[in-house]
Amino acid sequence: MPKNDLLLRSLRKEPIERFPVWLMRQAGRYMPQYRELRNKVNNFLELCKNVDLAVEVSLLPLRLLSVDAIIIFSDILVPLEALGVKLEFVEGEGPKLYWSSELKDLKPYDPKENAYVFEIIRKVKEAQDEVPVIGFGGAPFTLASYLIEGGASRDFRKTKLFMWEKEKEFKKLMELLTETQITYLKEQINAGADVIQVFDSWANYLSVEDYEEYVFPFVNYLVSELKEFSDTPVIYFFRGSSAFIDAVADTRADCLSVDWSVDIPEAMKLYEKAFQGNLEPTVLYASEEVIKEKTLSLLKRIPEKTGYIFNLGHGLAPDMDMKKVKLLVNTVKSYQL
Ligand code: CP3
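Basis of the calculations
Residues numbered from 1 in each chain as written. Predicted model: local features only at pLDDT ≥ 70, side-chain atom pairs only at ≥ 80, totals over all residues. Heavy atoms only, no water. Near = heavy atom within 4 Å. Polar contact = N/O pair within 3.5 Å; in protein donor to acceptor, adjacent residues only side chain to side chain. Areas by Shrake-Rupley, 256 points an atom, 1.4 Å probe, with all protein chains shown as cover. 1 Å grid on protein atoms, 1.4 Å probe; cavity = no way out; pocket = protein on both sides within 12 Å on 5 of 7 lines; lining within 4 Å. Sits in = over half its atoms within 2 Å of the grid points. Helix = DSSP H or I, 4+ residues; strand = E, 2+ residues; numbered from the N terminus. Nonpolar A, V, L, I, M, F, W, Y, C, P; charged D, E, K, R; others polar. Points joined across faces, edges and corners; volume = space filled by probe spheres on them. Expected span 1.5 Å × (residues − 1). Bend = angle between axes of the 7 residues up to and from the residue. Buried < 20%, exposed > 50% of the residue type's maximum accessible area, 1.4 Å probe, protein only. Contact = heavy atoms within 4.5 Å. Pairing = 2+ DSSP bridges. Axes fitted to C-alpha atoms, helices over the stretch in contact; angles between N-to-C directions. Core = buried A, V, L, I, M, F, W, Y, C linked by side-chain atoms within 4.5 Å. Salt bridge = Lys/Arg side-chain N within 4 Å of Asp/Glu carboxyl O. Patch = residues over 30% accessible without salt bridge, like charges linked within 9 Å, V, L, I, M, F, W, Y side chains within 5 Å. Lys, Arg positive; Asp, Glu negative; His and termini not counted. Charge placed at Lys NZ, Arg CZ, Asp CG, Glu CD.

Chemist: Got a minute to help me understand the site of the ligand in this structure?
Modeler: Looking at the ligand, there are 23 residues lining it, with Arg25, Tyr34, Asp75, Ser201 and His314 nearest. At a separation of 3.1 Å, an oxygen atom of the ligand approaches a polar backbone atom of Gln26. Arg29 places a polar side-chain atom, nitrogen or oxygen, 2.9 Å from an oxygen atom of the ligand. A total of 880 Å² of accessible area belongs to the ligand in isolation, and the protein chains cover 90% of it. According to the grid-proximity analysis, the pocket containing the ligand is the largest pocket. Elements supplying a minimum of two residues to the shell around the ligand: α2 (32–38) and β3 (94–98). Class assignment of the residues belonging to the shell around the ligand gives a composition of 14 nonpolar, five polar and four charged.

Shown next, in the form of structure tokens:
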């Protein structure tokens, strides 16, 4: 058990002294110390696979910001490489994937190909016993969209046309990705992850009807398989939160991590789940006064004294100011319940 288990207690809705805080993309380019470690290798993927460096990067936010959890340093896209798809991160352009769009060109998932991820989790656990360690993976739809688009997209047109025009194949792809993620995330739990977060970053591009038909059943199955496997808490992060929250409230995920389209204080009255989020990341570009005011006004409105984890509605950006990120974390930590 980590010395500071606020995150675990808040996820289980047990009494806590203050709300826990960590930030999505907390180890990233906004941090000079990250950029320094990143410069030791040729590209981002090499950093993900260099276990010792990735452990060091994972620990940076604990050492420099004193957050209440470590998320391991990796990327949601690495299991796709294990399916036989070429993956690269092009400087300034983001991820690129090269898939033929044929299911026969995907090989069966072998978790050994991601052994470095499980090793990073083991070593981060060994390196510190201060805070819980969060393992993570992409939700099937978000992974499918990267595969089909070949990278980032403005409108997800290829993904939608694939989904509507080749429905059977799309669902087969979703099944394959769901099984991959079940194996991958169970291995992360075996390696010692205290919490699992599943990222559905691009679901917000879909209609509610399509989300319920093509996305939710798969992520729901993924989460229930993880909950059958162990009692490790599962957090589901999904963009398009206000549109989908009614459907999502049925999952066995312990915690819903929502974007700023949801009013968390209201949602906590309606749904049993723990909640995580959801300050607009853009607030971090504002003055220190605005950052404090926006953060405190969210915290003050939380209607319960547990079952809440402070985070952003999406991740930190590379051009954010580390001083302001620290101020944000300290503001949450000094808020007394
Ligand atoms: O949160 C953390 O600190 C842990 C590490 C983490 C990264 N990616 C590191 C990273 C996590 C949890 C992710 C998840 C991830 N990756 C998501 C889901 C979360 C979200 O933001 O919605 C998605 C969609 C990806 C795919 C991906 N990887 C994108 C879109 C990018 C950005 C491309 C760019 O150059 O801007 C990446 C690369 C990436 N992943 C970086 C980091 C620190 C930056 C790469 C670099 O250092 O050059």
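Following the structure, the description resumes.
Chemist: Any chance you could explain the layout of surface pockets here in plain terms?
Modeler: Put simply, the largest pocket is a space of about 1200 Å³. What lines the largest pocket is a set of 46 residues, and nearest its centre among them are Arg25, Arg29, Phe44, Asp75 and Phe89. Those elements that provide at least two residues to the lining of the largest pocket are α2, β2 (86–90), β3 and α7 (140–149). Ranked by residues supplied to the lining of the largest pocket, first place goes to α7 with three residues. The class makeup of the residues in the lining of the largest pocket is 27 nonpolar, 13 polar and six charged. Quantified by volume, the second largest pocket comes out at close to 230 Å³. As for the second largest pocket, its lining consists of 13 residues, and the residues nearest its centre are Trp260, Asn278, Leu279, Lys294 and Leu298. Put simply, the parts of the chain that give the lining of the second largest pocket at least two residues each are α12 (264–270), β8 (274–279) and α13 (288–301).

Chemist: Quick question: what am I supposed to make of helix α10 (residues 208–229) here?
Modeler: The α-helix advances 3.6 residues per turn, and as a result positions three or four apart in sequence lie on the same side. Compared with the 32 Å implied by 1.5 Å per residue over 22 residues, the 29 Å span of α10 between its first and last C-alpha is a close match. A bend of about 45° at Val215 is the largest found in α10, and the proline Pro217 appears one to four places after it. Taken as a whole, α10 has its buried residues at Asp210, Tyr211, Tyr214, Val215, Phe216, Phe218, Val219, Leu222, Val223, Ser224, Leu226 and Lys227. Where α10 is buried, its residues contact α7, α8 (157–165), α9 (167–190), β5 (195–200), β6 (234–238) and α11 (241–248).

Chemist: It is not clear to me how the sheet that holds β5 should be interpreted in this structure. Could you clarify?
Modeler: By way of backbone hydrogen bonds, the strands of a sheet pair with one another, either parallel or antiparallel. If you walk across this open sheet you meet the seven strands as β1-β4-β5-β6-β7-β8-β9, and the pairing is parallel. Both outer strands of the open sheet, β1 (70–71) and β9 (308–312), are each paired with one neighbouring strand and no more. In the packing of α11 onto the sheet, the strands contacted are β6, β7 (255–258) and β8, and the crossing angle to β6 comes to about 140°.

Chemist: So what exactly am I meant to see when it comes to the nonpolar core here?
Modeler: Within soluble globular proteins, side chains that are nonpolar tend to cluster in buried spots. Of all hydrophobic cores here, the largest spans 135 residues; its most connected members are Tyr211 and Phe310. Not counting the four nearest positions on each side in its chain, Phe310 is found in contact with Pro20, Val21, Trp22, Leu23, Gly277, Leu279, Thr295, Leu298, Leu299, Leu328 and Val332.

Chemist: Is there a simple way to explain the pattern of salt bridges in this structure?
Modeler: As a working rule, side chains carrying opposite charge can pair if their charged atoms are close by. What the rule picks out here adds up to 22 salt bridges. Between Glu93 and Lys96 there is a salt bridge, with the nearest N and O atoms lying 3.5 Å from each other. Measuring nitrogen to oxygen at the nearest pair gives 3.6 Å for the salt bridge that ties Lys104 to Asp105. Looking at Asp105, the relative accessible area reads 36%, which means it is partly exposed. Several salt bridges converge on common partners, so that one network encompasses Asp5, Arg9 and Glu17.

Chemist: What exactly am I supposed to notice about a negative patch on the surface here?
Modeler: A contiguous patch of negative charge, built from Glu209, Glu212, Asp246 and Asp250, is present on the exposed surface. Within the secondary structure layout, Glu212 lies in helix α10.

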